[in-house]
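# Summary of structural features
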Amino acid sequence: MSSEDVARRLAQVRDRVATACTAAGRGADEVQVLLASKTMDVATVRAALLADAAARDAGSTAPPVLLGENRVQELVAKAPALVDLSPTWHVIGPLQSNKVNAALRWASAVESVADDALARRLSDRVRERDVPLDVWVQVNVSGEATKHGAEPAAAADLAARVAALPGLRLAGFMTVGARSTDERVVRAGFARLRDVRDEVVRSGAPGTGDAHGLSMGMSGDLEMAVAEGATVVRVGTAVFGSRPAPAAPAAG
Ligand SMILES: *Cc1c(COP(=O)(O)O)cnc(C)c1O
């Protein structure tokens, strides 16, 4: 995809977010756009960052885009080539414990914390730092077996334990919405994440005071997520076009 196409498509996504914010009675700049750059090459990601900077130079008040990678391998391959633009990277996929060190070299947030073991590992790694690491608890609101994330019923307790760990700042909650064409099902999942967030913030448990974030909504459902209170939408294909199909499993 050309740089012009990426710029045009990013502008369209910004328009969609702004329209959804207006419809929900929210301020247009309340929602950050995170670009999910998996499978995209450095040149394409760079084009998106430059287009974003240009839009803000031209008067856009939208907060800068964030970048998100699912796989640490891709993060460590791309991040060094983009340091001159100092983007903010989030890890948005399952993080194996042996990849934590590599991930934290580049990422300033991990959105995919779904169990105590990873949270403790992250805490051990960053507790000596001056600046806490932002973590988000990922919740599987749809119950789909293929999806990563804590069960909704267990998420609030997990979040309280995560929030209490040294070196971590609980920034909010993340989910991948239901894979459904029924708008009510998708919206109910997003509302569930918001309920978990509200419960945790209301609890007043130590470390939960900043946990207002809701990272939810992707290319196909961001309007519904904004309507349900998303503070970050994670967008891939709407900006970058379709990804190459995953390699078929080897025969036999
Ligand atoms: C790929 C991905 C996205 C973006 O998905 P699109 O449908 O391409 O917008 C968002 N979140 C996560 C966790 C992803 O893996």
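A quick note: this is a predicted structure, and the numbers were derived from the prediction, not measured. (Residues numbered from 1 in each chain as written. Predicted model: local features only at pLDDT ≥ 70, side-chain atom pairs only at ≥ 80, totals over all residues.)

## Re helix α1 (residues 3-23)
- The terminal C-alpha atoms of α1 lie 30 Å apart, and with 21 residues this matches the ideal 30 Å at 1.5 Å per residue to within 8%.
- Within α1 the residues assigned to the buried category are V6, R9, L10, V17 and A20. Summarising the axial view, the buried residues of α1 lie within an arc of 105°, below the 170-degree limit, and thus occupy one face. What points out from α1, more than 90 degrees from its buried face, is the exposed set E4, Q12, D15, T22 and A23.
- For α1, the elements touching its buried residues are β1 (32-36), α2 (42-57), α8 (222-227), β8 (232-235) and α9 (237-240).
- Phi turns positive, to about 70°, at G25, one or two residues after α1. (Helix = DSSP H or I, 4+ residues; strand = E, 2+ residues; numbered from the N terminus. Expected span 1.5 Å × (residues − 1). Buried ≥ 20, exposed ≤ 12 C-beta atoms within 10 Å, placed from the backbone. Arc of directions from axis to C-beta. Contact = placed C-beta atoms within 7 Å.)

## A closer look at the UniProt feature "modified residue: N6-(pyridoxal phosphate)lysine" (unreviewed entry) in the protein chain
- Following the UniProt record, one finds the feature "modified residue: N6-(pyridoxal phosphate)lysine" (unreviewed entry) at K38.
- The residue K38 is located in the loop between β1 and α2 in this model.
- With sequence-adjacent residues up to four places away left out, K38 is seen in contact with E69, N70, R71, E74, G236 and R243. (UniProt positions renumbered as here; feature names shortened; annotations may be inferred.)

## A short note on the pairing of β8
- Of the two faces of β8, the one holding V232 and R234 and the one holding V233 and V235 are both buried throughout.
- Alignment of β1 against β8, held across four bridges, turns out to be parallel. Residue Q32 lies in a different strand from β8, and its bridge partner there is V232. (Pairing = 2+ DSSP bridges.)

## Regarding the nonpolar core
- With 74 residues, the main nonpolar core has L34, A48, V135, V137, A159, V162 and V233 as its most contacted residues.
- With six residues, the single largest contributor to this core is helix α6 (residues 152-163).
- In this view, V137 contacts V113, A150, A155, L158, A159, V162 and F173; residues no more than four positions away in its chain are not counted. (Core = buried A, V, L, I, M, F, W, Y, C linked by C-beta atoms within 7 Å.)

## Topic: unusual backbone geometry
- The backbone of T39 sits at a positive phi, close to 70°, despite the residue not being glycine.
- Within the fold, T39 resides in the loop between β1 and α2.
- Here S86, not a glycine, exhibits a phi torsion of approximately 35°, which is positive.
- Residue position: S86 is located in the loop between α3 (72-78) and β3 (89-91).

## Thoughts on the site of the ligand
- With respect to spatial proximity, 14 residues lie near the ligand, and among them A36, S219, R234, G236 and T237 are the closest.
- Only β8 and α9 provide two or more residues apiece to the shell around the ligand.
- The residue makeup of the shell around the ligand, split by class, is six nonpolar, six polar and two charged. (Near = placed C-beta within 6 Å. Nonpolar A, V, L, I, M, F, W, Y, C, P; charged D, E, K, R; others polar.)

## Points about the UniProt feature "domain: Alanine racemase N-terminal" (unreviewed entry) in the protein chain
- Mapped onto the present numbering, the UniProt feature "domain: Alanine racemase N-terminal" (unreviewed entry) falls at residues 67-244.
- Strand forms 19% of residues 67-244 and helix 37%; the C-alpha atoms that close the span are 19 Å apart.

## Things to note about the packing of α1 against α2
- The contact between α1 and α2 brings their axes to 9 Å, and the two run at 55°. Considering their axes alone, α1 and α2 lie oblique with respect to each other. For the element pair α1 and α2, the recorded crossing hand is right-handed. Each of S3, V6, A7, L10 and A11 in α1 lies in contact with α2, whose residues at this interface are T44, A47, A48, A51, D52 and A55.
- Classifying every residue of the contact of α1 with α2 gives eight nonpolar, two polar and one charged. (Axes fitted to C-alpha atoms, helices over the stretch in contact; angles between N-to-C directions. Parallel < 35°, antiparallel > 145°, perpendicular 65-115°, else oblique. Left-handed = near helix turned anticlockwise from the far one by under 90°.)

## A short note on the environment of L158
- You can see L158 is positioned in helix α6.
- Classification of L158 as buried rests on a count of 21 C-beta atoms within 10 Å.
- Once the C-alpha coordinates of L158 and N101 are considered, the two residues, 57 residues apart in sequence, prove to be 23 Å apart.
- Those residues in contact with L158, other than ones at most four positions away along the chain, are D116, V137 and A150.

## Quick notes on helix α7 (residues 183-203)
- The terminal C-alpha atoms of α7, which comprises 21 residues, lie 30 Å apart, in line with the 30 Å expected from a rise of 1.5 Å per residue.
- What α7 keeps buried is the set V186, G189, F190, R192, L193, V196, R197 and V200. Projected down its long axis, α7 shows its buried positions confined to an angular sector of 140°, all on one face. Seen from the buried face of α7, the exposed residues on the opposite side, beyond 90 degrees, are E183, R184 and R202.
- Buried residues along α7 sit against α6, β6 (168-174), β7 (213-215) and α8.
- Where α7 ends, the next residue or the one after it, G204, has phi of about 70°, a positive value.

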